[in-house]
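What the coordinates show
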Amino acid sequence: MTTSMQGQVALVTGATRGIGKAIALQLVAQGVKVIGTATTDSGAASISDYLGDHGEGLSLNVADEANIQAVLAHIDSHYGQLDILVNNAGITRDNLLMRMKDDEWDSVLDTNLKSVFRLCKGVMRGMMKRRSGRIINISSVVGTTGNPGQTNYCAAKAGLVGFTKALAKEIAARGITVNCVAPGFIDTDMTKSLTDDQKQAIFSNIPAARLGQPEEIAAAVVFLASPGAAYITGETIHVNGGMAMI
Amino acid sequence: MSTIEERVKKIIIEQLGVKEEEVKPEASFENDLGADSLDTVELVMALEEEFETEIPDEEAEKIKTVQTAIDYIKNHAS
């Protein structure tokens, strides 16, 4: 068994900032070439800046099938392989169910769940042929615990866990693992929008009594991508400071 | 240059790890040659690459025996 990830190629969606950026940087530290995606050209440029010679940023709307195919074709022609797929891109459109619009539901499900179906399908042929591959889906603690105002987000994040288990069973015999990392409350733009009162309420439920750092999620992702995790599949690793022990 | 039939059979032998004498025309991949559904998907992928063609999903689902594979390629390969 090789113990190095040197020379592998990874695709990380939603890599402009926060958890995705931390994942990209930690993969680079392991010698992995990283293609990070952003929803905007300026975001893609900022990814290219921080990756330097270790990869590049690309613009990708994960809800757009043609766009996904174009990015995968680019990776194929420029890098020739894809060893690691990290489905990290995600959005929130919070609303109480009684007020939730169809488009709030659809956009969250499309971006957070359907995109993962499409991306996994897109990378499957290459990984099957090489008899190796790592897929890591970023779920969320609220996919397990629920959170008021987030029926759409919680459904998508719980959906990822079921999707992960089913796909893991389909392709385990081909040397490909599929796992989730489920962050708790992490110090990112997504949680910065919380009010101080909301944060206090959350802290009272976190034994670690603090927000997690993006790097602490990235560490779990890198572990699942590493050769040492080859026998772990269909699993969800919760990284949440003890707020939910599942 | 091998015939289409020989090339298809060679791929079936490689992909499914079966013996040449088992690859009879009427042999079913799943019932006779021990393939599971994913093996069959991979077999179709291998045929697509060998013959540089793209087999649509609804056609791929009909390729269940050695003969249906040979027939499909004969009718569609350039």
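Coordinates for the structure precede this section.
This write-up is about the structure you can find in this document. Computed from a predicted model, the values in this text were never measured in an experiment.

Turning our eyes to something else, we now look at the side chain of A:Ser226. Tracing the backbone shows A:Ser226 in the loop between helix H9 (214-225) and strand S7 (236-239). Ignoring anything within four residues of it in the chain, the contact list for A:Ser226 reads A:Met5 and A:Arg134.

A separate point is the sheet that holds strand S5 (residues 133-138) of chain A. All names here are of chain A. The sheet built from 7 strands is open, its strands ordered S3-S2-S1-S4-S5-S6-S7 with parallel pairing. Strand pairing shows two members of the sheet lacking a second neighbour, strand S3 (55-59) and S7, which therefore form its edges. Averaged over all adjacent pairs, the angle separating strand axes in this sheet is 15°, with direction ignored. Two strands pair when backbone bridges link them, and strand S2 (residues 33-38) and S3 are joined in this way by 5 bridges, in the parallel orientation. Paired with Ala38 across the two strands is Ser59, which belongs to S3. On the sheet, helix H1 (residues 18-29) packs against strand S1 (9-12), S2, strand S4 (84-87), S5 and strand S6 (176-183) and is oriented at approximately 175° with respect to S1.

With that settled, the discussion passes to helix H6 (residues 151-171) of chain A. Counted at 1.5 Å a residue, the expected span for H6(A) with its 21 residues is 30 Å, and the 30 Å between its end C-alpha atoms agrees. Those residues of H6(A) lying buried are A:Asn152, A:Tyr153, A:Cys154, A:Ala156, A:Lys157, A:Leu160, A:Val161, A:Thr164, A:Leu167, A:Ala168 and A:Ile171.

Thresholds, definitions, all that
- Residues numbered from 1 in each chain as written.
- Chains lettered and ligands numbered in written order.
- Predicted model: local features only at pLDDT ≥ 70, side-chain atom pairs only at ≥ 80, totals over all residues.
- Heavy atoms only, no water.
- Helix = DSSP H or I, 4+ residues; strand = E, 2+ residues; numbered from the N terminus.
- Contact = heavy atoms within 4.5 Å.
- Pairing = 2+ DSSP bridges.
- Axes fitted to C-alpha atoms, helices over the stretch in contact; angles between N-to-C directions.
- Expected span 1.5 Å × (residues − 1).
- Buried < 20%, exposed > 50% of the residue type's maximum accessible area, 1.4 Å probe, protein only.

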